[in-house]
There are 2 protein chains.
Amino acid sequence: MDKNQIPYKIYLDENEIPKQWYNVRADMKNKPAPLLNPATLKPMTADELSVVFCKELVEQELDDTDAYIDIPQEIQDFYKMYRPSPLIRAYFLEKELDTPAKIYYKFEGNNTSGSHKLNSAIAQAYYAKKQGLKGVTTETGAGQWGTALSMACAFFGLDCHVYMVKVSYEQKPFRREVMRTYGASVTPSPSTTTSVGRKILEKHPGTTGSLGCAISEAVEAATTNEGYRYVLGSVLNQVLLHQSIIGLEAKTALDKYGVKPDIIIGCAGGGSNLGGLISPFMGEKLRGEADYRFIAVEPASCPSFTRGKFAYDFCDTGMVCPLSKMYTLGSGFIPSANHAGGLRYHGMSSTLSQLYHDGLMEAVAVEQTSVFAAAEQFAKVEGILPAPESSHAIRVAIDEALKCKETGEEKTILFGLTGTGYFDMVAYQKFNDGEMSDYIPSDEELQKSFDELPKVEID
Amino acid sequence: MDKNQIPYKIYLDENEIPKQWYNVRADMKNKPAPLLNPATLKPMTADELSVVFCKELVEQELDDTDAYIDIPQEIQDFYKMYRPSPLIRAYFLEKELDTPAKIYYKFEGNNTSGSHKLNSAIAQAYYAKKQGLKGVTTETGAGQWGTALSMACAFFGLDCHVYMVKVSYEQKPFRREVMRTYGASVTPSPSTTTSVGRKILEKHPGTTGSLGCAISEAVEAATTNEGYRYVLGSVLNQVLLHQSIIGLEAKTALDKYGVKPDIIIGCAGGGSNLGGLISPFMGEKLRGEADYRFIAVEPASCPSFTRGKFAYDFCDTGMVCPLSKMYTLGSGFIPSANHAGGLRYHGMSSTLSQLYHDGLMEAVAVEQTSVFAAAEQFAKVEGILPAPESSHAIRVAIDEALKCKETGEEKTILFGLTGTGYFDMVAYQKFNDGEMSDYIPSDEELQKSFDELPKVEID
C-alpha cells in the first residue's frame, strides 16, 4: 500500500482533542424556539429550569450567542480516557461496494458505555459535582445512556439513580448489571417510588413501562429529593453542545489530510449524535464558508422528521417536562412492538428541528430489515458490530456510495458510527432467524397522535 | 498537566505496527518439548500434524529456530482494522491507589471479538484460505475465540464451524448470535454430528458439555471432512507467535518514551495472551540484554502453574489430540462449578511451561472474589469494564502497586488487559449480589486427577 495514503484509522494526538465545545446556535439566524413552561406556556426562565437541571447546564441550555464554550480541565482529563475516538477510512467497505466514493466514519463505540453518550454524561456529572449536589436521576431504555451516566457518576463519586423501562430491566439484564457495577441504583419503571409511577401503575397494573414514563419518574425524583437534579442524554441543546466534540474531532482529523466531505450522515433519535457530528460543519455552512449535504436518518417506524409536525409538544408522556418546539409524532406516539432498532423517541432536538425546517438539512426514513442487512454487511468487512441505531446511518451511507458507483462520482461521505451492538444481540438474532419485519405507521395512526398535540399559540 | 508527560493512551502510527512476529523459542536454550503422537508416543511429524492443521501453521508450530517471521500483507491489512491497540498509562488507577508505581496496560479489547484472540484467528484463517481450504472447525467455551474466528473467516470467505460447549450455547446466547451474524455455524457440544459426540451423549445423556469434549468434536469434524482443518486459539506455539504482536507493540510504544517495565503481568489460561505480551521482553532476558520480572496469574480454582505437574498430557478430554509437555492438572480436571472467572483450561502452553520450569517466570494464583473486586475498582477509575480473565492480571498489578506504596518504590508495572467483560455480566451480577464464592481444590482432588496422567517415559 502507498505509504502516503490516508491511514485506516486517524487518531488525533491527545493534545489535539478540542478544548472548547462548539455551540451551533450561535451561528443560526433562526434560533431554536425556547422551552415553554407547560403551566404558563411562557418561556422557561433560568430559575425555573434550575429546579430540574444543574445551574451551569441551564446556562448552556439557554446560551444561543456564545460560539465556543471552554471544556473544564476535569472533563478534558476524563475525555483522555476514551478519546480521541478514531476517524476510520472504510477502505474495506469501499472495496466491498466497489464504489469510487470515499467513506469515512467517526466511531464512538470504543468505551464501556458503548456509545457517544459518555461525552455528555461526563459533562453533566461534572457540573452536578461542581454544584455540590449529592446525585443525579435519569431514565434509560435499553441502557446506553444509563450506563454512560453511571460511569461518569462513579468517576466523580456522585449518586446515580436510574429509572429503567421495566421491559428492558427484565429482558436486558446485562446493561442493568453494568450500571450496578458502576455503583448506580437501577429501578424498574413505572415504580412505586414516585407518585407519577404509582398513578401509572394504578391505571395500567400490567404495564411494562415506556421511556416517557421513566422520564416523568426521574424528573419527579430529582425535584422532590434535596441535592438531586435530573439529567438527560439527548434532545437538549446542552447535550448537542457536549456532543460537538464528535464533529470537532472529525473535522480536525479530516482537515489534517485536506479532506472535505460532500455528504455527512447521522442517525437521529433525539438528535444528540447527529447534532454533535454535524455542528462544526453546519457552522461553516451557516457562515457561508462551505457547503455540505447533511442527512438525518430515522426509522420508518418512528419518522419524526419525515412525517412529524413542527410544533410545540411535551418531551415526556407524563407531561411534567417543559414543552419544546420540535418535529414530533406526538408525546403519546409509541413505535410498533416489532420495532427493534432503537431511535424510538417521539420528538427531536429543537436545534436540529429548526435547521431542518430552514432547509439546511435533509432527512430520510429507512426500514429496519434494510438497516440490519446493512449492519451485517458492514460488520463482515469493517469488523465492528454496529448498534442498530448506528446502522441507520450505515444504510444510507451505503446507499449514497452505491449511487456514486452508478454515476462514477468520487464523493466523500462521512457518517457517525455511534456505538456497538453487543447488547443488541436479541434483535440481531431476530434478523438472523428471518423473524424481523418492517412496520410503517399509517397516516391515520399518526393523525390520531397529532390530534393530541398541546394547543400552543406562540410561534 | 505537563505537556511533555506520557499521554494517557499511546497509539503507535499505522506504519509502526510490527511487520514480523517474534518467535521466543528461537532464543530459548531449553526448547519446549515436542508434541507427541498419542498412539506411538513419538514426536509428531509435520505430515502427521498437517492432517489436523494448515501446512504453514504446522511449520510455525515446529519452528524453534527462526526468531522473526514475516506477517503476510493481508494480515497486516486486517490488523489495521483494529490495531495498533492502545498502551494505556493508568494515571487514574495510580491516583486511586495513591502509589508511586507507574502502571501501564496494553488493552486488547477494542474489537468486536472483545479480546486479543483476533490476533491469531486472522492469521489462522489467512493460512487456511491460502491453502485453498473450504473452511475451519474449532471449539469455543464462552465464545471469545469462536467470535474472533468467525470474524476472521467472514473476512476471507471461509466456512467456520464452531462447536460451542452446550451450557454456554444455551445460557450465553449473545456471543453465539455474534458468531452467527458473522456467518459461522454454531453447534452445541456434545452433538450427534460426530462419533465422539455421540459416544459422550450415550454415556452421559444429560451432559452440558466441556471444552475438552468440544475440542475432540472439532478435531474429528476437521479430519473427516474434505477441505477442512482444525484451528485452536491458545496453548499452541503458533498462537503465541501470532500473539507476539501484543508485546512487540507494547515494547515499541514504551521504547518511544524511554520506559522500561520492572514487572510484566499477564493472566494465564492456555497462555496465548501472556506468551504474546512477554515474548519480546523475555527474548531480551534470554539473550541477557535486560532483566524483567514476569508474573503469570491464574485462578486458584484452576492452578496449572502453581499446583500442576510438568508432564506430558492430553490437550483434550477425548484424547484425540497430541500429547503436550506442560504444566497440567490432568486432562480430566474440571474447575469447580462455582468458578465464574474464565481461564479454566487444565493445561498450559508448552513454551511458557518450559520458561516457568527454567525459573524465568513466576506464577501466582488468585481467588475469584478478589479478582472481581479488583475488576470493579479498575472499572470505576479507568472506565473499561474488564473481562474476568483479564482481571486476574489487574488483581496482581494492583497488589504489586500497593507493595510499592508500602516500600516507596517507583516501579514500572506493565500488564495485559486482554479484553472486555460485556458478555460476562452474569458473573458480575453474582459478585454484585454477594453470591460469588471462592474454591480451592484439595490436594486429594488434584492427586486423583494426576493419577490419570498418561505414562510417558520420554523426557
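Residues numbered from 1 in each chain as written. Chains lettered and ligands numbered in written order. Predicted model: local features only at pLDDT ≥ 70, side-chain atom pairs only at ≥ 80, totals over all residues. Heavy atoms only, no water.

Caption draft 1: The interface of chain A and chain B, seen in detail. Listed per partner, the contact involves 44 residues of chain A and 44 residues of chain B. Per-residue buried area on chain A facing chain B is highest for F174(A), T181(A) and Y422(A); these three make up 16% of the total on that side. A salt bridge links D433(A) to R180(B); its shortest N-O distance comes to 2.7 Å. At the junction of chain A and chain B, the tally comes to 21 residue pairs in polar contact (both at pLDDT 80 or more). Where the side of chain A that touches chain B is concerned, the elements lending two or more residues are helix 3 (73-82), helix 6 (144-156), helix 8 (173-181), helix 15 (368-382) and helix 17 (425-432) of chain A. If one sorts the elements of the side of chain A that touches chain B by residue count, helix 8 of chain A sits on top with six residues. Of the residues assigned to the side of chain A that touches chain B, the class counts are 24 nonpolar, eight polar and twelve charged. (Contact = heavy atoms within 4.5 Å. Buried area = accessible area lost by both parts, 1.4 Å probe. Salt bridge = Lys/Arg side-chain N within 4 Å of Asp/Glu carboxyl O. Polar contact = N/O pair within 3.5 Å; in protein donor to acceptor, adjacent residues only side chain to side chain. Helix = DSSP H or I, 4+ residues; strand = E, 2+ residues; numbered from the N terminus. Nonpolar A, V, L, I, M, F, W, Y, C, P; charged D, E, K, R; others polar.)

Caption draft 2: Geometry of helix 17 of chain A. Among all positions of helix 17 of chain A, only M425(A), A427(A), Y428(A) and N432(A) are buried. One side of helix 17 of chain A carries all its buried residues, which in axial view fall inside an arc of 155 degrees. At its buried positions, helix 17 of chain A is contacted by helix 15 and helix 16 (388-407) of chain A together with helix 8 (173-181) of chain B. Phi turns positive, to about 70 degrees, at G434(A), one or two residues after helix 17 of chain A. (Buried < 20%, exposed > 50% of the residue type's maximum accessible area, 1.4 Å probe, protein only. Arc of directions from axis to C-beta.)

Caption draft 3: Layout of the packing of helix 5 (residues 118-130) of chain B against helix 11 (residues 237-256) of chain B. Residue and element names in this part refer to chain B. Interhelical geometry of helix 5 versus helix 11 gives an angle of 125 degrees and a closest axis separation of 8 Å. As the angle between them shows, helix 5 and helix 11 are arranged oblique. Judged by the twist between their axes, the crossing of helix 5 over helix 11 is right-handed. The residues of helix 11 that touch helix 5, namely those facing N119, S120, A123, Q124 and Y127, are Q238, V239, H242, Q243, I245 and I246. Here the residues of the contact of helix 5 with helix 11 are counted per class, giving five nonpolar, six polar and no charged. (Axes fitted to C-alpha atoms, helices over the stretch in contact; angles between N-to-C directions. Parallel < 35°, antiparallel > 145°, perpendicular 65-115°, else oblique. Left-handed = near helix turned anticlockwise from the far one by under 90°.)

Caption draft 4: Structural view of unusual backbone geometry. The omega torsion of the bond from S189(A) to P190(A) falls at 5 degrees, within 30 degrees of zero and hence cis. As for its position among the elements, P190(A) is in the loop between strand 8 (185-189) and helix 9 (195-203). The omega angle of the peptide bond from R83(B) to P84(B) is -5 degrees, so this bond is cis rather than trans. Relative to the elements of secondary structure, P84(B) occurs in the loop between helix 3 (73-82) and strand 4 (87-89). One non-glycine residue, L41(A), lies in the positive phi region at around 60 degrees. Looking at the element boundaries, L41(A) is found in the loop between strand 2 (20-22) and helix 1 (46-49).

Caption draft 5: Focus on the packing of helix 15 (residues 368-382) of chain B against helix 16 (residues 388-407) of chain B. Residue and element names in this part refer to chain B. Where helix 15 meets helix 16, the closest approach of the two axes is 8 Å, and the angle between their N-to-C directions is 85 degrees. Between helix 15 and helix 16, the crossing angle belongs to the class labelled roughly perpendicular. Contacts between helix 15 and helix 16 involve S370, V371, F372, A374, A375, Q377 and F378 on the former and, on the latter, P388, S391, H392, I394, R395 and I398.

Caption draft 6: Spotlight on the pattern of salt bridges. Residues and elements named next belong to chain A. For the coordinates displayed, the defined rule picks out 44 salt bridges over all chains. Between K285 and D291 there is a salt bridge whose closest N-O contact spans 3.4 Å. Classification of D291 by relative accessible area gives exposed; the value is 52%. One salt-bridge network, in which partners are shared between bridges, spans R83, K106, E108 and E249.

Caption draft 7: View of the packing of aromatic side chains. If you walk through the whole model with that rule in mind, you get 49 aromatic pairs over all chains. Measuring from ring centre to ring centre gives 5.3 Å for F281(A) and Y292(A), while their planes differ by 85 degrees; the resulting arrangement is edge-to-face. Residue F281(A) is located in helix 12 (residues 272-286), and its partner Y292(A) is located in the loop between helix 12 and strand 11 (293-299); the two are separated by eleven residues in the primary sequence. The pair F281(A) / Y292(A) is uniform in exposure class, with both members buried. Linked through ring pairs, Y8(A), Y91(A), F92(A), F78(B), Y79(B), Y82(B), Y126(B), Y127(B), F155(B) and F156(B) together constitute an aromatic cluster. When the ring centre of F450(B) is taken as reference, the NZ or CZ atom of K309(B) above it lies at 4.9 Å. (Phe/Tyr/Trp six-rings, centres within 6.5 Å; stacked < 30°, edge-to-face > 60°. Lys NZ or Arg CZ within 6 Å of the ring centre and 35° of its normal.)

Caption draft 8: Spatial organisation of the confidence of the model for chain A. When pLDDT is averaged across chain A, the result is 94; 98% of the residues are at 70 or more. Among the scores for the predicted complex, ipTM is 0.94 and pTM is 0.96. (pLDDT = per-residue confidence, 0-100.)

Caption draft 9: Fine view of the relation of the copies chain A and chain B. With an RMSD of 0.0 Å, the operation that places chain A on chain B is a rotation of 180 degrees combined with a shift of 0.0 Å along the axis. The relationship between the two copies is best expressed as a two-fold rotation axis. The rotation axis passes nearest to the C-alpha of N110(A) in chain A, at a distance of 3.1 Å. A symmetric contact is evident, with 100% of the interface residues of chain A recurring at the interface of chain B. (Least-squares fit on C-alpha atoms with pLDDT ≥ 70 in both.)

Caption draft 10: Focus on the pairing of strand 10 (residues 263-267) of chain A. Residues and elements named next belong to chain A. The element strand 10 is largely enclosed, with a buried count of five among its five residues. Side chains I263, I265 and C267 project from strand 10 onto one buried face, and the interleaved I264 and G266 project onto a second face that is buried too. The sheet contact formed by strand 10 and strand 11 spans five bridges and is parallel. Bridge pairing in strand 11 places I263 opposite R293. Each parallel crossover has a hand, and the one from strand 10 via helix 12 to strand 11 is right-handed. (Pairing = 2+ DSSP bridges. Right-handed = clockwise from strand over helix to strand, strands pointing away.)

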